[in-house]
Amino acid sequence: MMKSLTKIFIISTFLTISLAHHRIINGKFAKTNQFPYQVSVQQHLQPKNVFEHFCGGTILNKNHVLTAAHCIQTDNLQIRVGILHLNDSLSIGETVKVQRIIIHPNYNDENGTVTSHDLAILRLEQDLLFSDGIQPIKLPLENETFTGKALLTGWGRRKSLIPSYSNNLMFAEMSLINLDECKSDFLYAIGTFGPLDDNNICTKGDDTYACQGDSGGPLVQNGTILGVVSFAVNPCDLNGSPTAYCEVSKYISWLNKHI
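Position labels on residues start from 1 in each chain and follow its written sequence. Selection of residues for local features in this predicted model requires a pLDDT of at least 70, selection of side-chain atom pairs for listing and counting requires 80 or more, and totals for whole chains, interfaces and linings are taken over all residues. In computing side-chain properties, one takes all heavy atoms of the structure into account and sets aside hydrogens as well as water.

1. Looking at the environment of G57
- To qualify as a helix, a DSSP run of H or I must reach at least 4 residues; to qualify as a strand, a run of E must reach at least 2; elements of each kind are numbered from the N terminus. Take G57: it is sitting in strand 5 (residues 50-61).
- Classification of G57 by relative accessible area gives buried; the value is 0%.
- Sequence spacing of G57 and T153 is 96 residues, and the spatial spacing of their C-alpha atoms is 9.7 Å.
- Not counting chain neighbours up to four residues away, the residues in contact with G57 comprise Y37, Q38, V39, V41, V65, L66, T67, G216, G217 and P218. Remark: exposure states derive from per-residue accessible area (1.4 Å probe, protein chains only) relative to the maximum for the residue type, with buried under 20%, exposed over 50%, and partly exposed in between. Contacts are assigned to residue pairs with any non-hydrogen atoms lying within 4.5 Å of each other.

Structure below.
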């Protein structure tokens, strides 16, 4: 079986070192309004002429959403917020088109592989109306560090080899691990730690994993976003493998400049 780094989104091709969109394997079912900052980032598909989920995201304020840069495959995007199920009626929550995409200037995916600075801001065409089910996330302080447990949320795959997303939003408690341990775990699993650097944080779960469809989604501790899902190994549920995130506290100045 090929073992690789993989993008965490719906339509990714598994390359030796790539990003993958995944859903949370062995996670728990979320409840209505439990994670009001959670976003479904959806792209327009031809020839079906529909928008479908392919990445997660996080509400920053009334007109900006944070996601992963590798999620940006087209500029024809919309977001859905205030939903629990991907097939919820359009009368539930809000559906808003993306007006502008701001990719971090140091992100570079010319080779279609994982790179550092994997962040993008989506500016919305209209303001969100905040409610019990739609709320912004709290940003960390610049260069703030965290330890302990954090929550991962997303609609990614629940089984590594079954190519469909979870309809119900899922969550899992993950343990933060230091960068040296993360590099060691990637090396053991697939023989490389890819682009892992000081701009990343990592987690491991108790037999829980991010998978395709979770990319761009948030890692949160006590209401503060720590990371944005970037890359993991393929297959997603390779025993003991970590998930890497773009560390949000390293990008506070950039975020404040654009939101």
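2. Thoughts on the pairing of strand 10 (residues 149-154)
- Two strands qualify as a pair provided that DSSP identifies no fewer than 2 bridges between them. The pairing of strand 10 with strand 11 (residues 170-177) spans six bridges and is classified as antiparallel. Note on strand 11: the bridge partner recorded for K149 is S175.
- Taken together, the two bridges between strand 10 and strand 13 (residues 218-221) define a ladder with antiparallel strand orientation. Counted as the bridge partner of L152 is L219 from strand 13.

3. Focus on the nonpolar core
- Side-chain atoms within 4.5 Å are what join buried Ala, Val, Leu, Ile, Met, Phe, Trp, Tyr and Cys residues into a set we call a nonpolar core. One finds L66, I79, L122, L128 and L255 to be the most contacted residues of the largest nonpolar core, which totals 44 residues.
- Listing elements by their share of this core, those giving two or more residues are strand 4 (38-45), strand 5, strand 6 (64-67), strand 7 (77-81), strand 8 (94-103), strand 9 (120-124), strand 14 (224-234) and helix 2 (252-258).
- Look past the residues within four positions of L255 in its chain and what remains in contact with it is L60, L66, I121, L139 and V248.
- Judged by nonpolar contacts, the second largest core, of 12 residues, contains I177, C182, I190 and V233.

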